[in-house]
Amino acid sequence: MDTFVLILELIGTVAFAVSGAVVAIRKRMDVFGVAILALTTAVGGGMIRDVLLGVTPPATFRDPVYALTAILVSLIVFIKPVRHYLTGTHKAYQQTMLAMDSLGLGVFTAVGVSLAYVSQPETGMFLPVFTGVLSGVGGGVLRDVMAGDTPYIFIKHIYACASLAGALVCVLLRGVIGQAYAMIGGAALIVIIRILSATYRWNLPRAD
Amino acid sequence: MDTFVLILELIGTVAFAVSGAVVAIRKRMDVFGVAILALTTAVGGGMIRDVLLGVTPPATFRDPVYALTAILVSLIVFIKPVRHYLTGTHKAYQQTMLAMDSLGLGVFTAVGVSLAYVSQPETGMFLPVFTGVLSGVGGGVLRDVMAGDTPYIFIKHIYACASLAGALVCVLLRGVIGQAYAMIGGAALIVIIRILSATYRWNLPRAD
Amino acid sequence: MDTFVLILELIGTVAFAVSGAVVAIRKRMDVFGVAILALTTAVGGGMIRDVLLGVTPPATFRDPVYALTAILVSLIVFIKPVRHYLTGTHKAYQQTMLAMDSLGLGVFTAVGVSLAYVSQPETGMFLPVFTGVLSGVGGGVLRDVMAGDTPYIFIKHIYACASLAGALVCVLLRGVIGQAYAMIGGAALIVIIRILSATYRWNLPRAD
């Protein structure tokens, strides 16, 4: 199970690192700024999660694999042909962000739910769901606040709503189909909701 | 005492949730953005307080009542007649913000002082005062930073100063008139200072 | 050793408090806003460090000396002749910021490395280095985000890179020349790299 969670966390780390790197590239930061924003996005949500669960120092501090992965990914994204492929046009940029941000959101939500049960085995439903959502959205919020943008969570259709739905799936299905399948199902649901909502421009009511 | 603190926290949660919701409505966010900003404002200060005091997971994670109250309040504020009443004119918006933000600031400062004594019974005066001020201002700072505004704490007359005065009252009077009355006195003082300073436009010296 | 670390922390507190105060003065905040931004910058990095290491309540909460020093410094900086000297011209402002921000970055990085070893004696190299960098850059990031600016860490040449180099020096030399000299060497290296990079406008590659 630990290996499975580690693999998921690394997938989320890569995805969020790419999202942070491409935001920094679009803002014309230098290579170090790109690495810093990738790192912040990739490890920020997990750090917030661990501090809230009382797991200190956070996993990111105990094992260099997360930080090194994020920095390595940011350097690869910065290579000229790669960054042109990922951010060369507005459409390419939008698609990279949608894919990578959604994948990170899905995976970190599922991992957050799972680690909440590890830390608080006797808990009810609320703590894992809330921890999962905060873990999922945390990295992206840090990325956007540090880059001076309005956080995605406020402007992207159904963003936190997708994370909440996925976290509920993780919690409700873990007793039925086992934790691993529940995590995959929850993460997949988040990615699917995000992509559908972006494709069909689902909108929620807005104040007039 | 626990029930009394819980009631105060719920009053603060409602007040800060309204303040977050009306900021989001003025920024024309959709209903989910409104709920998220209300939630962040309402539970943010308490989360920061609990993490700093080493109380993990924070109370907001252990008991859903805070988060659910904040979300419910945000949905009520979003109802058309309610939001028109609270934010329809610039003057209405200003008055809603002044009342709700001041009430939240007052209550969370008093609760922060009180919980610092619970967590660190042997402490001197400084820790409860500092914890109280950070608990009081934390939610509003998160709200403003996430909404992309200059934090109130920098621009509103006497903001942190009011919180500091109230926290001192809570600490100094608890041995004299008991903790509950000291908390009510401290919170009331904060609200009064804020409203007087806004009404009479008290100003502090500014760099020229 | 404790006294030595305390002296370094106070130097860093004064330096970061000045940097926060002059940013607030340039933004024409009132005297209370100046004190708040100075305090945030001066104690923010240490608070983040202590929370991540599981040291709660953070040192800033247990001993008022840090907060009082920061506030006192901000009031001195606010005195008319002092603030004119430090921020009167764009060049004076730039030089004040470079000197004070670099000094704070250097000292807090070295202190962060050292306190990571205190908290986690059995640790490898990665945890102290990462803790040192986060402690060093944390105060400045909070300052810039709260002031609504793009964080220095993204735009100043070699900023986090300098902190990383200094943290590595602290870790690698502590077994060779002792902890105190390693800390001084690491902090000095950071200040030197920052000043050289600003003077000669070292640039890293930027996305085109």
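I will try to describe carefully the structure that is included in this document. (Residues numbered from 1 in each chain as written. Chains lettered and ligands numbered in written order. Predicted model: local features only at pLDDT ≥ 70, side-chain atom pairs only at ≥ 80, totals over all residues. Heavy atoms only, no water.)

1. Things to note about the overall build of chain A
We apply this condition: Strands are runs of DSSP state E lasting at least two residues, helices are runs of H or I lasting at least four, and both sets are numbered from the N terminus onward. The globule rule used for comparison is 2.2 Å times the number of residues to the exponent 0.38, while the radius of gyration itself is calculated over C-alpha atoms. Throughout, a contact is declared for two residues whenever any of their heavy atoms are within 4.5 Å. All accessible-area figures derive from a Shrake-Rupley calculation using a 1.4 Å probe, and residue coverage is judged against the displayed protein chains alone. Within this scheme the basic residues Lys and Arg register as positive and the acidic residues Asp and Glu register as negative, but His and the chain ends are omitted. Here the site of a charge means atom NZ of a Lys, CZ of an Arg, CG of an Asp or CD of a Glu.
The helix and strand tally for chain A stands at ten helices and zero strands. Secondary structure elements in chain A, listed N-terminal to C-terminal, are α-α-α-α-α-α-α-α-α-α. At 16 Å, chain A has a C-alpha radius of gyration in line with the 17 Å of a compact globule built from 208 residues. Overall, chain A is about 50 × 45 × 30 Å in size when its C-alpha atoms are taken along their principal axes. Of the contacts formed within chain A by residues at least 6 apart in sequence, a portion of 74% connects residues at least 24 apart. Total accessible area on chain A stands at roughly 8,100 Å², and carbon and sulfur atoms take up 68% of it. When the 14 basic and 10 acidic side-chain charges of chain A are each reduced to a single mean position, those positions are 12 Å apart.

2. Focus: the relation of the copies chain A and chain B
Heads up, the condition is: Copy-to-copy superposition: least squares on the C-alpha atoms, limited to residues that have pLDDT of at least 70 in both copies.
For the pair chain A and chain B, the best superposition has an RMSD of 0.0 Å and corresponds to a rotation of 120° with a translation of 0.0 Å parallel to the axis. Each copy turns onto its partner about a three-fold axis.

3. Overview of the relation of the copies chain A and chain C
Copies of the same chain, two in number, are related to each other by a rotation about an axis and a translation along it. Of the transformation placing chain A onto chain C, the axial shift is 0.0 Å and the rotation is 120°, giving an RMSD of 0.0 Å. Little of the interface of chain A is mirrored in chain C, where only 7% of its interface residues are also at the interface.

4. Focus: helix H10 (residues 179-199) of chain B
All names here are of chain B. Stated formally: Helix span, expected: 1.5 Å multiplied by one less than the number of residues in the helix. Here the term buried applies to any residue with accessible area under 20% of the maximum for its type, exposed to any over 50%, and partly exposed to those in between, with areas from a 1.4 Å probe on protein chains only. Relevant arc is that of directions from the helix axis to the C-beta atoms, nothing else.
Counted at 1.5 Å a residue, the expected span for H10 with its 21 residues is 30 Å, and the 30 Å between its end C-alpha atoms agrees. Considered for burial, the residues of H10 that qualify are Ala182, Met183, Gly186, Ala187, Ile190, Ile193, Arg194 and Ser197. The arc that holds the buried residues of H10, viewed along the axis, is 130°, so those residues lie on one side. For H10, the secondary structure elements touched by its buried residues are helix H1 (2-26), helix H6 (90-119), helix H8 (152-155) and helix H9 (159-177).

5. Considering helix H5 (residues 80-87) of chain C
All names here are of chain C. Burial in H5 covers these residues: Arg83, Leu86 and Thr87. Around the axis of H5, the buried residues are gathered within 75° of arc, so they sit on the same side. Set apart from the buried face of H5 by more than 90 degrees, the exposed residues are Pro81 and Tyr85. If you follow the buried residues of H5, they end up packed against helix H1 (2-26), helix H4 (65-78) and helix H6 (90-119).

6. Things to note about the interface of chain A and chain C
Many structure descriptions define interface size as the accessible area lost when the parts assemble. Note the following rule: Buried area: the sum, over both parts, of the accessible surface (1.4 Å probe) that disappears when the two are put together. The salt bridge definition used is simple: a Lys or Arg side-chain nitrogen within 4 Å of an Asp or Glu carboxyl oxygen. Each residue gets one of three labels, nonpolar for Ala, Val, Leu, Ile, Met, Phe, Trp, Tyr, Cys and Pro, charged for Asp, Glu, Lys and Arg, and polar for the others, Gly among them.
Across the boundary between the two partners, chain A contributes 28 residues, which contact 22 residues of chain C. The junction of chain A with chain C conceals about 2,400 Å² of combined surface from both sides, 73% of it contributed by carbon and sulfur atoms. The largest per-residue losses of area from chain A upon contact with chain C belong to Phe32(A), Phe61(A) and Met146(A), which jointly make up 28% of the total buried on that side. Here chain A and chain C share zero salt bridges between them. Of all the secondary-structure elements, those providing two or more residues to the side of chain A that touches chain C are helix H2 (31-53), helix H3 (59-62), helix H4 (65-78), helix H5 (80-87) and helix H7 (126-146) of chain A. It is H2(A) that contributes the most residues to the side of chain A that touches chain C, nine residues altogether. For the side of chain A that touches chain C, the residue count by class is 18 nonpolar, four polar and six charged.

7. A word on the pattern of salt bridges
If you walk through the whole model with that rule in mind, you get 18 salt bridges over all chains. Here Lys27(A) makes a salt bridge to Asp149(A), at a shortest N to O gap of 2.8 Å. Separated by 122 residues along the polypeptide, Lys27(A) in the loop between helix H1 (2-26) and H2 and Asp149(A) in the loop between H7 and helix H8 (152-155) bring together distant segments of the chain. Lys27(A) gets classed as partly exposed once you look at its relative accessible area, which sits at 38%. You can call Asp149(A) partly exposed: its relative accessible area is 30%. Between Arg49(C) and Glu9(C) there is a salt bridge, with the nearest N and O atoms lying 3.3 Å from each other. Placement of the pair is Arg49(C) in helix H2 (residues 31-53) and Glu9(C) in helix H1, with a sequence separation of 40 residues.

8. Details of the packing of helix H4 (residues 65-78) of chain B against helix H5 (residues 80-87) of chain B
Packed helix pairs are characterised by how far apart their axes lie and by the angle those axes make with each other. Residues and elements named next belong to chain B. The criterion, for reference: Axes here refer to lines fitted to C-alpha atoms; in helices the fit is confined to the stretch in contact. Angles between the N-to-C directions go from 0 to 180 degrees. Roughly parallel refers to an angle under 35 degrees, roughly antiparallel to one over 145, roughly perpendicular to one between 65 and 115, and oblique to any angle outside these ranges.
Viewed as axis vectors pointing N to C, H4 and H5 meet at an angle of 85°, and their least axial separation amounts to 5 Å. In this view, H4 runs roughly perpendicular relative to H5, as classed from their interaxial angle. Contact residues: H4 offers Ile76, Val77 and Phe78, while H5 offers Lys80, Val82, Arg83 and Leu86. In terms of residue class, the contact of H4 with H5 is made up of five nonpolar, no polar and two charged.

9. Some thoughts on the interface of chain A and chain B
Applied cut-off: For the purposes of these results, a polar contact is taken to be a pair of N or O atoms within 3.5 Å, where, inside protein, one atom must be able to donate a hydrogen and its partner to accept one; residues adjacent in sequence count only when each atom of the pair is a side-chain atom.
The partner chain B presents 28 residues to the 22 residues of chain A that form the contact. Counting each side, the surface lost to burial between chain A and chain B is near 2,300 Å², with a carbon and sulfur contribution of 73%. Our enumeration of links across chain A and chain B arrives at zero salt bridges. Between the two partners, chain A and chain B, sit zero residue pairs in polar contact (both at pLDDT 80 or more).

10. Some words on the nonpolar core
Test applied: Among the buried residues, those of types Ala, Val, Leu, Ile, Met, Phe, Trp, Tyr and Cys that are joined through side-chain atoms within 4.5 Å form a nonpolar core.
Among the nonpolar cores identified, the biggest contains 198 residues, and Val77(A), Ile153(A), Leu37(B), Val77(B), Ile153(B), Val77(C) and Ile153(C) are the most heavily contacted of them. Not counting the four nearest positions on each side in its chain, Val77(B) is found in contact with Val18(B), Ala21(B), Val22(B), Ile25(B), Val82(B), Arg83(B) and Leu86(B).

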